[in-house]
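Okay, here's what each chain looks like letter by letter:
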Amino acid sequence: MLDIGRASRIFPPHIRKAITARDKGCAFPGCTIPAPWCEAHHIEYWSRGGPTSTANGTLLCSHHHHLIHKEDWRIQVRNGIPWFIPPPHTDPHRKPRRNHYFQI
């Protein structure tokens, strides 16, 4: 795992490269936006103490990045794969889902 802790909010090139190798594109379920068009997102928000690291980062397209911040989506990385837990109004059972498009 690459980790610079709280030294910078911005994901440096070496960490972004590692996240890109893992996610290959937007990690949100069903999205097909390729990595060059994505933003690196802190799973545990930087503003809430989250570190800048591969384990705490995932790629999201601009649309899904805003959606994650606007609604109550949760992200968990399990065995190196980002899983998305929907908010109750989207799925009352909050069943975790992942992106299968990039064959993560």
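This one's a predicted model, so the numbers in the text were calculated from it and none came from an experiment.

Chemist: Which residues make up the overall build of the protein, and what values do they have?
Modeler: Broken down by element type, the protein carries 2 helices and 6 strands. Helices and strands appear in the protein in the N-to-C order β-α-β-β-β-α-β-β. Over its C-alpha atoms the protein spans a radius of gyration of 13 Å, differing by no more than 12% from the 13 Å that the globule rule assigns to 104 residues. In terms of overall dimensions, the protein has a C-alpha envelope of 35 × 30 × 25 Å along the principal axes. Partitioning the intrachain contacts of the protein with sequence separation of at least 6 by distance along the chain shows that 51% fall at a separation of at least 24. Separation of charge centres in the protein, based on 14 positive and 7 negative side chains, amounts to 3 Å.

Chemist: Which residues make up helix α1 (residues 13-23), and what values do they have?
Modeler: Of the residues making up α1, those classed as buried are Ile 15, Ile 19, Arg 22 and Asp 23. Down the axis of α1, the smallest arc covering the buried residues is 85°, so these residues share one side. Of the exposed residues in α1, the ones pointing more than 90 degrees away from its buried face are Pro 13, Lys 17 and Ala 21.

Chemist: Any details on the layout of surface pockets? Residues and values, ideally.
Modeler: The calculated volume of the largest pocket comes to roughly 200 Å³. Broken down by secondary-structure element, the contributors of at least two residues to the lining of the largest pocket are β2 (39-42) and α2 (62-70). For the lining of the largest pocket, the leading source of residues is β2, giving 3 residues. Across the lining of the largest pocket, the residue classes tally to 5 nonpolar, 5 polar and 1 charged.

Criteria and cut-off values
- Residues numbered from 1 in each chain as written.
- Predicted model: local features only at pLDDT ≥ 70, side-chain atom pairs only at ≥ 80, totals over all residues.
- Heavy atoms only, no water.
- Helix = DSSP H or I, 4+ residues; strand = E, 2+ residues; numbered from the N terminus.
- Rg over C-alpha atoms; globule rule 2.2 N^0.38 Å.
- Contact = heavy atoms within 4.5 Å.
- Lys, Arg positive; Asp, Glu negative; His and termini not counted.
- Charge placed at Lys NZ, Arg CZ, Asp CG, Glu CD.
- Buried < 20%, exposed > 50% of the residue type's maximum accessible area, 1.4 Å probe, protein only.
- Arc of directions from axis to C-beta.
- 1 Å grid on protein atoms, 1.4 Å probe; cavity = no way out; pocket = protein on both sides within 12 Å on 5 of 7 lines; lining within 4 Å.
- Points joined across faces, edges and corners; volume = space filled by probe spheres on them.
- Nonpolar A, V, L, I, M, F, W, Y, C, P; charged D, E, K, R; others polar.

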